[in-house]
Structure formats: structure tokens, C-alpha cells
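Descriptive analysis of the structure
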Amino acid sequence: MRLYIDSIGRDVDIDIEYKRTSRYLVRVTPDMNVRITCPLGAKTFEINRVLDNAKPWIAQRIKKLEKSIILGNESLSSGSYIYLFGDRKTIDTRQGKPKVLLEDDSMIVYVEDESKVKNTFDKWWKNLAEITFSDIINKQSRFFNDMCLDTPSISVKKMYTRWGSCNKRLNKVNLNSYLLSLPYECIEYVIMHELAHLVHQNHKQEFYSLLVKYMPDWKQRKKVIDDNFLLCKKS
């Protein structure tokens, strides 16, 4: 099935999936096709109605994909690339004792067995993320002193719908390992955003006032993320 969208001037492929659900879910995949999940027994005219209503959102999402750096859909084969602190690094896999080295614009992944590239890379990436995020949090001692808060623990993992979250009761911040792809100042912003949520668990004026106090340029940092990076889970 294909759907023509006027605002982008072309057809997009539609993949229809039927599940035991009462809702329709429309997604745009990293390859800019559309996947719609439908209730069992959904009629063609109902599916078409949902897709027609979703056209503006689909077009907006495709335009965003076309100009964004997509995170969450990476390849680790030699010659592919990945972003680290906002800089593009070309992957180079080599034979040797497992380790990852940075050399100019290259990220060299040494493995004894080609099948271990992902495992070696993931361990290195998560370790670097934990060190980087902890360092940023530890620099916020004034914030913790002012708010009478203990330094929170952190959890690092891959996430595809958010950059981070926090749990005030546990005094814990959950951070997306893909943050490591963003420029350093953008990582600082996301972490400051989550730390502010340890004080205000909403997005009311008090929250933003706190954010401005400790990071006056947070809007500019957020704009860099919104304009250039997009989380998108593999299809």
C-alpha cells in the first residue's frame, strides 16, 4: 500500500500490522516508510481515514528525518559512522585485543572475533557514558547544596523515546546512552533538566525558573538537539 502526501510531493510505503488492540498507531520508520498498527478486523476505509488524518504529522516527521542525525539506528561495520560529542566518527574494525581507540575522525574497534564488534563497542560506549554523565553531575555541587539534595545515582541505558528521566523517591536519574552522541553542552542541558525534576516533577513555571537560574542558555542548547538530532528505534 502506498500513500501520496502533497506537502512532500511523493508517495510513501505503508506497512499494515494487525494486533489485538483497540487503537491505531502510526509510526514513521528510519527509512521514511510508514507503519500502522490496526485492530484485528479493521476495515480498509477506517485505515485510510486514520492515514489521511495523520498526513500532516507524517509529513512533518519525514521532513525531520531528512535533515536530522538519526540515533538508535546505527551500524558498526567498517566505513559506517557514529557521532560522539557531536562529531562524526568513521568506524574502523581491526583485529586485535578488544578495545576502542579514537584517532582523528576515526573510531577504531579492535576485536579478536568479528562477531564481537557490537559487544566490545557497547561496553566501551556505556563506560564512557557513565564516566561523562557522572562528571557532569558532580560539577553541580552548588545546585545540590542550594536544593539540600544528595548527589543522585545514575542509570545508563539505551532509550528510544526520551533522553532521560528521574525518580525523586529513589534520588535517581536515568540517562540515555545515546546522549553521548550530542555536543557536550547539550548533554549538560539534558542532565540539568533531569536534576531540576528532582525538585519540580512537572513543567510549570517554577521548573523553568529553576532551569534558568542554573543554566541561563538552556533554550539554545535544547534547540541544537531539536534541530539536529532524532531518536528513532530500529524498524
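So, here is what we can say about the structure in this document. (Residues numbered from 1 in each chain as written. Predicted model: local features only at pLDDT ≥ 70, side-chain atom pairs only at ≥ 80, totals over all residues. Heavy atoms only, no water.)

1. What about the pairing of strand β6 (residues 81-84)?
- In the sheet, β6 pairs with strand β7 (residues 87-95) via four bridges, with the strands oriented antiparallel. Residue pairing in the sheet places Leu 84 in a bridge with Asp 87 of β7.
- Hairpin connection of β6 to β7: two residues between the antiparallel strands, including Phe 85 at a positive phi of 55°. (Pairing = 2+ DSSP bridges. Helix = DSSP H or I, 4+ residues; strand = E, 2+ residues; numbered from the N terminus.)

2. A look at unusual backbone geometry
- Its identity is not glycine, yet Asp 104 carries a phi of approximately 55°, on the positive side.
- As for its placement among the helices and strands, Asp 104 is situated in the loop between β8 (99-103) and β9 (106-111).
- Accessibility expressed as a relative area gives 68% for Asp 104, which makes it exposed.
- Phi is positive for Asn 171, close to 50°, though the residue is something other than glycine. (Buried < 20%, exposed > 50% of the residue type's maximum accessible area, 1.4 Å probe, protein only.)

3. Brief notes about the sheet that holds β6
- Taking strand neighbours across the sheet as the criterion, the four strands line up as β6-β7-β9-β8 in an open arrangement whose pairing is mixed. Edge positions in the sheet fall to β6 and β8, since each has one partner strand and no second. Taking the axes of each pair of neighbouring strands and ignoring which way they run, one obtains an average angle of 35° across the sheet.
- Where helix α2 (residues 117-138) meets the sheet, it contacts β6, β7, β8 and β9, and its direction lies at approximately 125° from that of β9. (Axes fitted to C-alpha atoms, helices over the stretch in contact; angles between N-to-C directions. Contact = heavy atoms within 4.5 Å.)

4. Some words on the packing of α2 against helix α4 (residues 184-197)
- The geometry of α2 relative to α4 is characterised by a closest axis approach of 10 Å and an angle of 65° between their N-to-C directions. Seen along the crossing, α2 lies across α4 with a hand that is right-handed. In contact with Thr 132, Phe 133, Asp 135, Ile 136 and Ile 137 of α2, α4 contributes Tyr 184, Ile 187, Glu 188 and Ile 191.
- A breakdown of the residues in the contact of α2 with α4 according to their chemical character gives six nonpolar, one polar and two charged. (Left-handed = near helix turned anticlockwise from the far one by under 90°. Nonpolar A, V, L, I, M, F, W, Y, C, P; charged D, E, K, R; others polar.)

5. Concerning the pattern of salt bridges
- All chains considered together, the criterion is met by 16 salt bridges.
- A salt bridge links Glu 74 to Lys 158, with the shortest nitrogen-to-oxygen separation between them at 3.7 Å. Here Glu 74, found in the loop between β5 (69-71) and β6, pairs with Lys 158, found in the loop between β10 (153-157) and β11 (164-167); they are 84 residues apart in sequence, far enough to count as distant.
- For Lys 158, a relative accessible area of 32% gives the class partly exposed.
- Its salt-bridge partner being Lys 222, residue Asp 226 comes within 2.6 Å of it at the nearest N-O pair. With Asp 226 and Lys 222 both in helix α6 (residues 218-228) and four residues apart, this pair spans about one turn of that helix.
- With a relative accessible area of 36%, Asp 226 lands in the partly exposed category. (Salt bridge = Lys/Arg side-chain N within 4 Å of Asp/Glu carboxyl O.)

6. Focus on the side chain of Arg 221
- For Arg 221, the position within the fold is in helix α6.
- In this structure, Arg 221 is in contact with Glu 185, Cys 186, Glu 188, Tyr 189 and Met 215, ignoring residues within four places of it in sequence.

Just geometry here; none of it tells us what the structure is for.
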